[in-house]
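Chain by chain, the residues:
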Amino acid sequence: MKSCKPGGFYNFPDGLLRYLLFFFALIYLSGCKLPLEDFFGEMGALPVHLERDSFMLAWEAEEPRIPDLPSSIEHFNIYYRNPDQEKWNYIKSTSGFKLCITLSAVELGGYGTYELGVSEVLNNGRELDIHSSTDFSAKPAGGWYLVLTQPKE
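Here the structure is a predicted model, which means the values were calculated and not measured. (Residues numbered from 1 in each chain as written. Predicted model: local features only at pLDDT ≥ 70, side-chain atom pairs only at ≥ 80, totals over all residues. Heavy atoms only, no water.)

## Quick word on the packing of aromatic side chains
Formally: Any two rings among Phe, Tyr and Trp, with Trp reduced to its six-membered ring, count as a pair given centres within 6.5 Å; such a pair is stacked if its planes are under 30 degrees apart, edge-to-face if over 60, and tilted if neither. Strands are runs of DSSP state E lasting at least 2 residues, helices are runs of H or I lasting at least 4, and numbering of each runs from the N terminus. When accessible area is computed with a 1.4 Å probe and restricted to protein chains, residues below 20% of their type maximum are described as buried, those above 50% as exposed, and intermediate ones as partly exposed.
Scanning the entire structure with this criterion turns up four aromatic pairs. An angle of 65° between the planes, with centres 5.4 Å apart, marks the rings of W59 and F76 as edge-to-face. Placement of the pair is W59 in the loop between β2 (54-58) and β3 (73-81) and F76 in strand β3, with a sequence separation of 17 residues. Across the pair, F76 and W59 agree in class, each one buried. Through successive ring pairs, a cluster of aromatic residues spans W59, F76 and F97.

## A look at the side chain of S132
So the rule is basically this: Here a polar contact is recorded for every N or O atom pair within 3.5 Å, except that within protein the pair must consist of a potential hydrogen donor and a potential acceptor, and residues adjacent in sequence are included only if both atoms are side-chain atoms. Contacts were defined at the residue level, with two residues in contact if any of their heavy atoms lie within 4.5 Å.
When you line up the elements, S132 lands in strand β7 (residues 131-132). One polar contact links S132 to E115, side chain to side chain, over a distance of 2.3 Å. Leave out the neighbours within four places in its chain, and S132 touches W88, E115, L116, G117 and A138.

## So, the pattern of salt bridges
Working definition: two side chains of opposite charge can pair if their charged atoms are close together. Just so we agree on the cut-off: Salt bridge, as used here: a side-chain nitrogen of Lys or Arg that lies within 4 Å of a carboxyl oxygen of Asp or Glu.
Going through the model one piece at a time under the given rule, you end up with four salt bridges. A salt bridge links K92 to E107; its shortest N-O distance comes to 3.0 Å. Placement of the pair is K92 in strand β4 (residues 89-93) and E107 in the loop between β5 (100-104) and β6 (112-122), with a sequence separation of 15 residues.

## Examining the pairing of β3
Worth spelling out the cut-off: Here, any two strands with at least 2 DSSP bridges between them count as paired.
Of all nine residues that make up β3, eight are buried, and the element is covered over most of its length. Bridging between β3 and β6 involves eight bridges; their strand directions are antiparallel. Across the sheet, residue H75 finds its bridge partner in β6, namely V121. Inspection of the sheet shows β3 paired to β4 by four bridges, in the antiparallel sense. Among the inter-strand pairings, N77 is bridged to a residue of β4, identified as S93.

So this is what it looks like as structure tokens:
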């Protein structure tokens, strides 16, 4: 058996993986409801609770190998929205290739629950799609959303 390494994947023996897939398929086809949360924990975006007036948002991006290319990242735009809204609200941009920014409750329109997003803006002015904090590819897997409350005095 191979050992698990941080950030790696465990390699199941082929027979075990087939057995597990067969087992879950058999339960599903028999009409039983699988409480997946019992097996895997809470699924979906996780709440991040903060009692603060401001906080730092950080993200990952691959630094351009040749920064002067038109297709290289020039800066990032930061957005927010309430979970029940579809439209993103622009907050501000970073200065250059900076992977963190400080945000305040005032910039978000007050205390509440927010989904945050970051987009890359290229040297040619093209803005790429917004990567949301609730995307399944966000870390932790399944994403997260912010619950910002006023600090107790």
